[in-house]
Amino acid sequence: MSDIRTPWVAVSAMFVLNGALFGIWASRVPAVAEKIGLSHTELGILLLALAAGAVCSFPIAGKAVDRVGAVKVTKLIAVAYPVSLILMSLAPTYATLGATLFLFGAAHGAMDVAMNSWGAEVERRVGRRMMSSFHAMWSLGAGLGALSGYVAVQLGAGLFSHFLISSALISAVTLYAAHIPWVSQSIVQTDAPVFAFPSGILVLVGVLAFCAALGEGAVADWGAVYLRDVVGTSESTAALGYTVFSAAMVVIRLLGDRITTHLGPVVAARFGGAFALAGVVCVILTAPVEVVLFGFALMGIGYAVIMPLAFSRAANDPTIPAGQAISSVATLGYGGMLLGPPVIGFVAGLSTLPVAFGLLAALAGVIIFVAGSLR
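Everything quoted here is computed from the prediction, not taken from an experiment.

## Points about the overall build of the protein
Here is step 1 of the chain: A count of helical and extended segments in the protein gives 15 helices and zero strands.
Here is step 2 of the chain: For 375 residues, the compact-globule estimate of 2.2 N^0.38 gives 21 Å, and the protein sits close to it at 19 Å.
Here is step 3 of the chain: The principal-axis extent of the C-alpha atoms belonging to the protein is close to 50 × 45 × 40 Å.
Here is step 4 of the chain: Out of the 375 residues in the protein, the part that is buried amounts to 60%.
Here is step 5 of the chain: Summed over all atoms, the accessible surface of the protein reaches about 13600 Å², with 73% contributed by carbon and sulfur.
Here is step 6 of the chain: Placing the 17 positive and 15 negative side-chain charges of the protein at their respective mean positions leaves the two points 9 Å apart.

Written as structure tokens, this is what we have:
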């Protein structure tokens, strides 16, 4: 029997692991906030620690990828990432939770840069678009992680048992699937600075990624809270918000490479911005729960192709090494995913969550405007 562990499977497994651990966290944000007794504003402030960890790790991971190779960096971080999630469930105070969130964000961000670099290597070697399908696996993992939160709440499982069992299972399966004999295509010794900000056209690519990632982060960290506190659903139903969002992203990302090949990256990105805008409108109308869930699904459809397009464009930049280019775009892109939730918290504290979510409508418009940078 032939081994099913191919390069596509190996990279996809790492995307699944990264997404699943983030989805597990996202599904239990209300429980974490309740455990420590956090208000919306306090939760928003605390999420800055997660954002800081990720933003600090992006350029360091990019440098490591260019020096020692994407595969080694990806697998090393994949072992540390679940440990940071488990530690988070044990944090007894505001300060210790902030420290573990920083570690969790650093592991998440560093692995993101490394696995996208590995995915770009596979894409180039095969000679066809594959990045959207890799990100589909991230969304699949995130949806499975969020679904585990729904099951855990239904079973009355505590944070520690949920985080330990679910992360151990997903880590064992995905690390096995990723174990293939792959050597990074190019290992670059570069004297470029560790902390690199995007330049030239990559600035606009980074802005595009920022807008989409901020929307993803808002749904991940505030979707469940929105459904529970604004719409008035139960905690178990609230966990379905991110599940629906992620499921929609999986479907579109599985089709994303074909969509992009047919429409071109610019048109595909503009359609994405339009769908995201429509989804935000459905959510902030504070309609029945079914309409709000439909809005989250539309947002998932809209954001689905944006990040794969941004990373693929960065990885194939003609003048900057892949690791450095991806990390610089990720600094803006996933910086948006992780900095966005604290911003949502601050605005919600000053006004309401629907008003805070309304900011995402303006950012969807920016996506439509700057999509031309993907040419």
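Following the structure, the description resumes.
## Some thoughts on the packing of aromatic side chains
Here is step 1 of the chain: All chains considered together, the criterion is met by seven aromatic pairs.
Here is step 2 of the chain: Considering the side-chain rings of Y226 and F357, the 4.8 Å spacing of their centres and the 55 degrees angle between planes classify their relative orientation as tilted. Of this pair, Y226 sits in helix α8 (residues 201-231) while F357 sits in helix α15 (residues 353-370), placing them 131 residues apart in sequence.
Here is step 3 of the chain: A residue is classified by how much of its surface remains accessible, and Y226, at 0% relative accessible area, is buried.
Here is step 4 of the chain: Three or more aromatic residues joined by ring pairs make a cluster, and in this case those are W8, F15 and F134.

## Brief notes about helix α2 (residues 29-36)
Here is step 1 of the chain: Residues V29, P30, A31, V32 and A33 constitute the buried set of α2.
Here is step 2 of the chain: In this structure, the buried side of α2 is in contact with α1 (7-27), α3 (40-68), α5 (94-126), α7 (159-177), α8 and α9 (235-238).

## Overview of the state of the cysteines
Here is step 1 of the chain: Scanning the model with the defined rule gives zero disulfides in all.
Here is step 2 of the chain: Cysteine C282 shares no disulfide, and the gap to the nearest cysteine sulfur, in C211, comes to 20 Å.

## Concerning the pattern of salt bridges
Here is step 1 of the chain: Overall, the coordinates contain two salt bridges when judged by the stated rule.
Here is step 2 of the chain: Two residues, E216 and R253, come together in a salt bridge whose shortest N-O distance is 3.5 Å. With E216 in helix α8 and R253 in helix α10 (residues 240-263), this residue pair connects regions lying 37 residues apart in the sequence. Each member of the pair, E216 as well as R253, is classed as buried.

## Some words on the nonpolar core
Here is step 1 of the chain: In terms of nonpolar packing, the biggest core is built from 120 residues, with W25, W118, Y242, F296 and Y303 touching the most fellow members.
Here is step 2 of the chain: When residues in this core are grouped by element, the largest group, 16 residues, is from α8.
Here is step 3 of the chain: With residues near it in sequence (within four places) discarded, Y242 still touches F22, G23, A26, W138, A142, A146, E216, V219 and A220.

Cut-offs used in this document
Residues numbered from 1 in each chain as written. Predicted model: local features only at pLDDT ≥ 70, side-chain atom pairs only at ≥ 80, totals over all residues. Heavy atoms only, no water. Helix = DSSP H or I, 4+ residues; strand = E, 2+ residues; numbered from the N terminus. Rg over C-alpha atoms; globule rule 2.2 N^0.38 Å. Buried < 20%, exposed > 50% of the residue type's maximum accessible area, 1.4 Å probe, protein only. Areas by Shrake-Rupley, 256 points an atom, 1.4 Å probe, with all protein chains shown as cover. Lys, Arg positive; Asp, Glu negative; His and termini not counted. Charge placed at Lys NZ, Arg CZ, Asp CG, Glu CD. Phe/Tyr/Trp six-rings, centres within 6.5 Å; stacked < 30°, edge-to-face > 60°. Contact = heavy atoms within 4.5 Å. Disulfide = S-S within 2.5 Å. Salt bridge = Lys/Arg side-chain N within 4 Å of Asp/Glu carboxyl O. Core = buried A, V, L, I, M, F, W, Y, C linked by side-chain atoms within 4.5 Å.

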